[in-house]
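Residues per chain are reported as follows:
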Amino acid sequence: MNGCVHAARTATIDWFGDVLAGWNRFWFAPTDPATLCLVRILGGAMLFYTHLVWSRDLLAFFGPNAWLSRDLLVQRHEGTYFWTVFRHLDAPSAIWGFHLFALAVFFCLMIGAFTRVSSVLAFLLMLTYLHRVPTALFGLDQINTIIAMYLMIGPAGARYSFDRWWKKRRGRIEADDHAPIWSTSANVALRLMQIHMCVMYFFAATRKLLGASWWDGSAMWLAFGNLEYQSIPMHWLAEWPMLIVVLSHVTIAWELSYAALIWPKMTRGVMLIGAVLLHLGIAIFLGMATFGLAMIIGNLAFLPSRFTRGLLERRPPGSGTRGEFRQ
Amino acid sequence: MPDKPAIEDAATDAPLAIRWSRPVRVAVSIALLIHLTLVFCVPLSMVEPGSPLAGWLVNNMRPYVQAGNISHGYAFFAPDPGRWSHLIRYKIEFDDDRATIERTMPSLDQQWPRLLYHRHFMLTEQLGSLASRVDELNSFEAPAEERAAAERELRALATSYARHLLHAHAADRVSIDLVRHNVPPYIDVRGGRTLDDESLYETFPVSPLATAGVSVERITQPELIQAEPIPLEEVP
């Protein structure tokens, strides 16, 4: 009897030990921040473009007499923790000055200049824009939030950046750009981005399952047949009803299985190809190029850093003489 | 317990031991658990009828959820893609000799690039969703207070848009019609019906604000000056 108790106790302790070790490996094993830096370049470019487009009609959305009036915004924000600098800016010159400053910050993030500071500023600035225009937001702003939030955490400027180039120029680091860099916070940032993507697709799928059109397969017609969304004529799809059904079911199946199949190496590639096809489809056919591309950028968090380095660097990854540690 | 080698994609010549101290790892782990719990609970609390537990957690962490903009349900084209989209048609009039302006929004001719068009589209969709909410509440005779709140919310947003147009054009009068553009069944399209067939557009009556229908607003500059903020009781 004592032997059984002892064996059970040992097995339980071992199990908890394995879980703890797995947790530590998952979150706290250092990784090369190449993938995080790639997400920074593309995510920073998307943030820059998203906010650059506001320039075309800045005062109509952020001025004192905007589409959503300041009175109504204040009422909406009452008792909440939404906040925006634009509530306090009246003069067009002040609004434009602030906007130009924000664009400069997003540009710095994109090129990796002063990245630690610019990444935090970019996130805060993005929030102040979003909270001023709640009636003009859509999925793009949600994925922008995810990307900007986690870029703050890791060393997103460690590679392919102005910061890196400047350090080399000043002789603070060796000119060998191919030595590995090891960073724990890069891993934390990427893991958070990966899990957030899984949560997003999980709820995107499960909430669709509450709708009849995703079950009868007509959902994709409702999306493609909506003239206000279309960016190219899609009426021809009406001649292919089974294609509509297949597209509806494949979308649900892909989104529903994403959180499980994106992790194993064997299925990750297929899921990423699926992500590119799905979101390119949204970008090309449904008039939401920015949203489609931003979702693809979010999916890049799953690229192994060796793969990213192989993609972006001429010399094979890991060929440097010694590595560099970062927090 | 010895730290095991790290993740699969690390280069082979690297020292892969876990480098953060145990106290740091514990503190970061707690922060990660709280953050990810909220990331999961926010959409969970939004699914109808919504989890009370998730709702309670999110409600108690509102400062973090709202200020950090993680308050999203990720309901892309869910539960169903809309069976219609909403446009607004507005008419701007002047007391001087300027010509009356009549436009439809969103418009690919007026709003460029596409992202700006989509921002305007979301403005009209917001108004449309409030109007649909009023319709829905009226259809099953919801409590009067709930219906009144929904109508006030609709009226407030329509008034806000009207005020913007008045100011942007230095105009004297503006009226806004909400237009519902229905998506035809694909069988109809196979039969030759076009997606912009006139019969697919429903325009809701102009002035005064329809209680059983969709918003319509007609305001003038004197009304604008006298206008008081319209209280909103329940804004999501």
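Refer to the structure printed above.
Rules and cut-offs
- Per-chain numbering applies: the sequence of each chain, read as written, is numbered from 1 onward.
- For this description, chains carry letters from A and ligands carry numbers from 1, given in the order in which they are written.
- The predicted nature of this model means local features are confined to residues of pLDDT at least 70 and side-chain atom pairs, given and counted, to a pLDDT of 80 or more, with totals for whole chains, interfaces and linings taken over all residues.
- Hydrogens and waters are ignored; side-chain quantities use all the structure's heavy atoms.
- Should any heavy atoms of two residues lie within 4.5 Å, those residues are considered in contact.
- The term buried area refers to how much accessible surface (probe radius 1.4 Å) is lost by two components on association, counted for both of them together.
- A side-chain nitrogen of Lys or Arg and a carboxyl oxygen of Asp or Glu constitute a salt bridge if their distance falls within 4 Å.
- Going along the chain from the N terminus, every DSSP run of H or I of four or more residues is numbered as a helix, and every run of E of two or more is numbered as a strand.
- For this classification, the nonpolar set comprises Ala, Val, Leu, Ile, Met, Phe, Trp, Tyr, Cys and Pro, the charged set comprises Asp, Glu, Lys and Arg, and every other residue, Gly included, is treated as polar.
- The span one expects for a helix is its residue count, reduced by one, times 1.5 Å.
- Here's how the labels work: a residue is buried when its accessible area is under 20% of the maximum for its type, exposed when over 50%, partly exposed in between, all with a 1.4 Å probe on protein chains only.
- A fitted line through C-alpha atoms serves as each axis, taken over the contacting stretch for helices, and the angle formed by two N-to-C directions is quoted from 0 to 180°.
- When an angle is under 35 degrees it counts as roughly parallel; over 145 it counts as roughly antiparallel; between 65 and 115 it counts as roughly perpendicular; any other value is oblique.
- Each crossing is labelled by how the near helix is turned from the far one, with a counterclockwise turn of less than a right angle marking it left-handed and a clockwise turn marking it right-handed.
- Each nonpolar core is a collection of buried residues, namely Ala, Val, Leu, Ile, Met, Phe, Trp, Tyr and Cys, held together in the definition by side-chain atoms within 4.5 Å.
- Definitions used for this entry: grid spacing 1 Å over protein atoms alone; cavity, a set of points where a 1.4 Å probe fits but cannot get out; pocket, an open set with protein on both sides within 12 Å along at least 5 of 7 lines; lining residue, one with an atom within 4 Å of a point.
- Grid points are joined across faces, edges and corners, and a volume is the space filled by probe spheres set on the points.
- One requirement defines pairing of two strands: DSSP has to find at least two bridges between them.
- Side-chain rings of Phe, Tyr and Trp, where Trp is taken by its six-membered ring, are said to pair if the distance between their centres is within 6.5 Å; with planes under 30 degrees apart they count as stacked, over 60 as edge-to-face, and otherwise as tilted.
- Each ring is checked for a lysine NZ or an arginine CZ that lies within 6 Å of its centre and within 35 degrees of its normal; such an atom marks a charge sitting over the ring.

A. Expanded view of the interface of chain A and chain B. If you look at the interface, chain A gives 103 residues, while chain B gives 91 residues. The contact between chain A and chain B buries some 8800 Å² in all, and 66% of this surface belongs to carbon and sulfur atoms. Among the residues of chain A in contact with chain B, Trp 67, Arg 207 and Glu 228 of chain A are the three that bury the most area, contributing 11% of the side total. The tally of links between chain A and chain B comes to two salt bridges. Between Arg 119 of chain B and Asp 141 of chain A there is a salt bridge, and its shortest N-O distance comes to 2.7 Å. Element by element, the count of residues in the side of chain A that touches chain B is highest for helix α9 (residues 184-208) of chain A, at 15 residues. Looking at the side of chain A that touches chain B residue by residue, the classes come out as 57 nonpolar, 31 polar and 15 charged.

B. Focus on helix α4 (residues 114-139) of chain B. Residue and element names in this part refer to chain B. Over its 26 residues, α4 runs 36 Å from end to end, which matches the ideal 38 Å to within 8%, given 1.5 Å per residue. In terms of burial, α4 is largely enclosed, as 19 of its 26 residues are buried. Downstream of α4 by a residue or two, Glu 141 has a phi angle that is positive, lying close to 50°.

C. Fine view of the side chain of His 131 of chain A. Tracing the sequence through the fold places His 131 of chain A in the loop between α6 (115-130) and α7 (139-151). For His 131 of chain A, a relative accessible area of 3% corresponds to the buried category. Apart from residues no more than four positions distant in its own chain, His 131 of chain A is found in contact with Leu 73, His 77, Phe 82, Trp 83 and Thr 84 of chain A together with Gln 66, Ala 67 and Asn 69 of chain B.

D. Geometry of the packing of α7 of chain A against α9 of chain A. Residue and element names in this part refer to chain A. Contact geometry for α7 and α9: axes closest at 9 Å, N-to-C directions at 160°. In terms of orientation, α7 lies roughly antiparallel with respect to α9. Of the two possible hands of crossing, α7 and α9 adopt the one that is right-handed. Residues Ile 143, Ile 146, Ile 147 and Tyr 150 of α7 form the contact with α9, whose own contacting residues are Ala 189, Leu 192, Met 193, His 196, Met 197 and Met 200.

E. Representation of the nonpolar core. By size, the foremost hydrophobic cluster in this structure holds 137 residues, and its most contacted members are Phe 61, Phe 62 and Tyr 258 of chain A. Here this core gets 14 residues from one element, more than from any other, and that element is α9 of chain A. Among all residues touching Phe 61 of chain A, those that are not within four sequence positions of it are Trp 54, Ala 66, Trp 67, Arg 132, Val 133 and Ala 136 of chain A together with Leu 116, Arg 119, His 120 and Leu 123 of chain B.

F. Local environment of the layout of surface pockets. Residues and elements named next belong to chain A. Taken as a whole, the second largest pocket holds about 500 Å³ of empty space. Lining the second largest pocket are 28 residues, with Met 220, Phe 224, Thr 251, Leu 278 and Ile 282 sitting closest to its centre. Breaking the lining of the second largest pocket down by element, the ones donating at least two residues are α9, α11 (219-224), α12 (241-261), α13 (265-285) and α14 (289-299). Among the elements that line the lining of the second largest pocket, the one with the most residues is α13, at seven residues. A breakdown of the residues in the lining of the second largest pocket according to their chemical character gives 22 nonpolar, four polar and two charged.

G. Spatial organisation of the pairing of strand β3 (residues 173-182) of chain B. Residues and elements named next belong to chain B. The buried count for β3 comes to nine of 10 residues, which makes it a mostly enclosed element. Relative to β3, strand β1 (residues 84-93) is paired through 10 bridges, and the arrangement is antiparallel. Paired with Ser 85 across the bridge in β3 is His 181. When β3 meets strand β4 (residues 201-203), the two strands line up antiparallel, connected through three bridges. Residue pairing across strands places His 181 opposite Tyr 201, the latter belonging to β4.

H. Structural detail: the packing of aromatic side chains. Residue and element names in this part refer to chain A. All told, the structure shown has 33 aromatic pairs over all chains when counted by the stated rule. Taken together, a centroid distance of 4.8 Å and an interplanar angle of 80° make the contact between Tyr 201 and Trp 254 edge-to-face. One end of the pair, Tyr 201, is in helix α9; the other, Trp 254, is in helix α12, and 53 residues separate them in sequence. Judged by its relative accessible area of 9%, Trp 254 is buried. Three or more aromatic residues joined by ring pairs form one cluster here, namely Trp 23, Phe 26, Trp 27, Tyr 201, Trp 254, Tyr 258, Trp 263 and Phe 302. The ring of Phe 26 is capped by Arg 191, whose NZ or CZ atom sits 4.1 Å from the centre of that ring. Geometry around Trp 214 places Lys 208 over its ring, the cationic atom sitting 5.3 Å from the centre.

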